[in-house]
Amino acid sequence: MENTNELTLIFDSRPANEGLARVAVAAFCTQLNPTLEEVADLKTAISEAVTNCIIHAYEGSVKKIRLECRLKGKELSVDVIDYGTGIEDVKKAMEPLYTTKPEKDRSGMGFTFMEAFMDEVTVESQVGKGTTVHMKKIIGR
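Here is what the cut-offs are and how they apply
Residues numbered from 1 in each chain as written. Predicted model: local features only at pLDDT ≥ 70, side-chain atom pairs only at ≥ 80, totals over all residues. Heavy atoms only, no water. Helix = DSSP H or I, 4+ residues; strand = E, 2+ residues; numbered from the N terminus. Buried < 20%, exposed > 50% of the residue type's maximum accessible area, 1.4 Å probe, protein only. Contact = heavy atoms within 4.5 Å. Core = buried A, V, L, I, M, F, W, Y, C linked by side-chain atoms within 4.5 Å. Pairing = 2+ DSSP bridges. Salt bridge = Lys/Arg side-chain N within 4 Å of Asp/Glu carboxyl O.

Moving on to the environment of Leu-71. Along the chain, Leu-71 turns up in strand S2 (residues 64-72). Given a relative accessible area of 4%, Leu-71 falls into the buried group. Considered as a pair, Leu-71 and Val-127 are 56 residues apart in the sequence and their alpha carbons are 30 Å apart. Dropping the residues within four chain positions of it, Leu-71 is found in contact with Asn-3, Thr-4, Asn-5, Phe-28, Gln-31, Leu-32 and Leu-76.

The structure is reproduced here in structure tokens:
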């Protein structure tokens, strides 16, 4: 049997739940015995992805965010999924300092941080249907 494990978490897009998502993913990956740095990196990336759902996808209204985690060997895959506004130009949205919400003091560094702290980040989005942020990280190199 393959060494895999999965976790799915569905929660409301409230700022208070960003911490829940961070801790859930951190707890889930403890079975790989990650370093403190790996856990911190993961928590930062998850925070950024969930915050994007709350602020951009749902623009403050309370809807559902779906978090899917998969462990396969030492690889942790995390998908953060929303069913919100979607991203018109993913490539542009992923540029450092690009933000659609400068009035909300958004730095435009969310995707940049995700890419810095994870080994792989890809984004799929459909306007009016939502966005999925796929992230991967090898734990315990």
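Our focus in this paragraph is the nonpolar core. Buried together is how nonpolar side chains tend to be arranged in soluble globular proteins. Membership of the largest hydrophobic core comes to 35 residues, with the highest contact counts inside it found for Leu-76, Val-78, Val-80 and Met-135. Put simply, the parts of the chain that give this core at least two residues each are helix H1 (16-29), helix H2 (36-57), S2, strand S3 (75-82), helix H3 (90-93), helix H4 (110-117), strand S4 (120-126) and strand S5 (130-138). The element contributing the most residues to this core is H2, with nine residues. Ignoring anything within four residues of it in the chain, the contact list for Leu-76 reads Val-25, Phe-28, Cys-29, Leu-42, Cys-69, Arg-70, Leu-71, Met-135, Lys-136, Lys-137 and Ile-139.

Pairing of S3 with S5 involves eight bridges; the strand directions are antiparallel. In the sheet register, Asp-82 faces S5, and the bridge partner there is Thr-131. Taking the residues between adjacent antiparallel strands as the criterion, S4 and S5 are bridged by three residues, where Gly-128 takes a positive phi near 80 degrees.

Attention shifts here to the pairing of S2. Bridge count for strand S1 (residues 4-12) against S2 is nine bridges, and the pairing is antiparallel. Within the sheet, the bridge partner assigned to Ile-10 lies in S2 and is Arg-66. Pairing between S2 and S3: eight bridges, direction antiparallel. Residue pairing for S3: Leu-67 is matched across the bridge by Val-80. If you look at the hairpin formed by S2 and S3, you'll find two residues sitting between the two strands, and Gly-73 has a positive phi there, around 60 degrees.

What follows deals with the pattern of salt bridges. The final tally for this structure, using the stated rule, is seven salt bridges. A salt bridge links Arg-66 to Glu-68; its shortest N-O distance comes to 2.5 Å. With relative accessibility at 25%, the residue Arg-66 sits in the partly exposed group. Members of the salt-bridge network, linked through shared partners, are Arg-66, Glu-68, Arg-70 and Asp-79.

A few words on H1. Among the residues of H1, those classed as buried are Asn-17, Ala-21, Ala-24, Val-25, Ala-26, Phe-28 and Cys-29. Where H1 is buried, its residues touch S1, H2, S2 and S3.

Another aspect to go through is unusual backbone geometry. Of note in this structure, Asn-33 is not a glycine but carries a positive phi near 55 degrees. Along the polypeptide, Asn-33 turns up in the loop between H1 and H2. The exposure class assigned to Asn-33 is exposed, which follows from its relative accessible area of 66%. Its identity as a non-glycine residue notwithstanding, Glu-59 has a phi of 45 degrees, on the positive side. Within the secondary structure, Glu-59 sits in the loop between H2 and S2.

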